[in-house]
Amino acid sequence: MRIHSVMALIAIALGFIFHVSHAEWLALVLVIGFVMILEVINTAVETLVDLYTEEFNHLAKIAKDTAAAAVLCMAIVSVIVGIIIFAPKVLALF
Ligand SMILES: Nc1ncnc2c1ncn2[C@@H]1O[C@H](COP(=O)(O)OP(=O)(O)OP(=O)(O)O)[C@@H](O)[C@H]1O
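Nothing here was measured: the structure is a model prediction, and the numbers come from that model.

Chemist: Just give me the short version of the UniProt feature "active site" (unreviewed entry) in the protein chain, but keep the residues and values in it.
Modeler: Per the UniProt record, "active site" (unreviewed entry) is found at Glu39. Beyond its immediate sequence surroundings of up to four residues, Glu39 is in contact with Met1, His4 and Val71.

Chemist: Quick rundown of the environment of Ile12? Include the residues and the values.
Modeler: Looking at where Ile12 falls in the secondary structure, it is placed in helix H1 (residues 2–17). In the structure, Ile12 is positioned 13 residues away from Trp25 in sequence and 8.5 Å away in space, judged by C-alpha atoms. Apart from residues lying up to four places away in sequence, Ile12 is in contact with Trp25 and Ile32.

Chemist: If you had to explain helix H2 (residues 22–52) to someone new, which residues and values would you point to?
Modeler: It helps to recall that an α-helix has 3.6 residues per turn; residues three or four apart then point in one direction. Compared with an ideal rise of 1.5 Å per residue, which puts 31 residues at 45 Å, H2 spans 45 Å between its outermost C-alpha atoms and is within 8% of the ideal. What H2 keeps buried is the set Leu28, Val31, Ile32, Val35, Glu39, Asn42 and Val49. The elements touched by buried residues of H2 are H1 and helix H3 (58–91).

Chemist: An account of unusual backbone geometry is requested, with residue identities and associated values reported.
Modeler: Backbone geometry at His19 places phi at a positive 50 degrees, although glycine is not the residue there. For His19, the location among the structural elements is in the loop between H1 and H2.

Chemist: I'd like a description of the site of the ligand, backed by residues and values.
Modeler: In the vicinity of the ligand, the residues found are Glu46, Thr53, Glu55, Phe56, Asn57, Ala60, Lys61, Lys64 and Asp65. Between Glu46 and the ligand, the recorded distance is 2.7 Å, taken from a side-chain N or O atom to an oxygen atom. In this structure, Lys64 approaches the ligand through a side-chain N or O atom, which is 2.5 Å from an oxygen atom. Burial of the ligand by the protein amounts to 52% of the accessible area it has alone, namely 610 Å². If you tally residues by element for the shell around the ligand, the top one is H3, at four residues. Among the residues making up the shell around the ligand, the classes are represented as two nonpolar, two polar and five charged.

Chemist: How would you summarise the nonpolar core if you had to cite specific residues and measurements?
Modeler: Within the largest apolar cluster, nine residues are counted, these being Phe18, Val20, Leu28, Val31, Val35, Met74, Val81, Ile85 and Phe86. Broken down by secondary-structure element, the contributors of at least two residues to this core are H2 and H3. Apart from the residues lying within four places of it in its own chain, the contact partners of Ile85 are Val20, Glu24, Ala27 and Leu28.

Chemist: Please provide a residue-by-residue account of the UniProt feature "transmembrane region" (unreviewed entry) in the protein chain, values included.
Modeler: Mapped onto this structure's residue numbering, the UniProt feature "transmembrane region" (unreviewed entry) falls at residues 33–53 and 65–87. Secondary structure content for residues 65–87 is 100% helix and 0% strand, while the C-alpha to C-alpha distance between its ends is 32 Å.

Thresholds, definitions, all that
Residues numbered from 1 in each chain as written. Predicted model: local features only at pLDDT ≥ 70, side-chain atom pairs only at ≥ 80, totals over all residues. Heavy atoms only, no water. UniProt positions renumbered as here; feature names shortened; annotations may be inferred. Contact = heavy atoms within 4.5 Å. Helix = DSSP H or I, 4+ residues; strand = E, 2+ residues; numbered from the N terminus. Expected span 1.5 Å × (residues − 1). Buried < 20%, exposed > 50% of the residue type's maximum accessible area, 1.4 Å probe, protein only. Near = heavy atom within 4 Å. Polar contact = N/O pair within 3.5 Å; in protein donor to acceptor, adjacent residues only side chain to side chain. Areas by Shrake-Rupley, 256 points an atom, 1.4 Å probe, with all protein chains shown as cover. Nonpolar A, V, L, I, M, F, W, Y, C, P; charged D, E, K, R; others polar. Core = buried A, V, L, I, M, F, W, Y, C linked by side-chain atoms within 4.5 Å.

Here it is, written out as structure tokens:
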């Protein structure tokens, strides 16, 4: 969560520095929001699984791993969106 918060702050700072358009702000806000929401859901799933059992359980492993995978997928999508928005602006500086 801390890493994702730092990444979100960096993306917002870059948004102001490069004066991104309204549509680009919309994309940034949406991906940042989705990552945060999935982080919260992942924490809820982990907590519920631990509440149910702290012993090894195959289904518990699937629940935790799939919840974590959802966060990872969205984090990858957000990096791709960031590259699409900022790469042309950064390259234009050189
Ligand atoms: N009860 C369990 N039964 C089977 N495997 C488990 C169980 N609890 C955790 N695991 C496995 O260990 C991994 C790490 O679990 P853990 O609860 O430490 O979460 P985490 O991914 O490290 O999350 P965080 O660092 O946010 O607390 C899980 O992804 C899962 O594969």
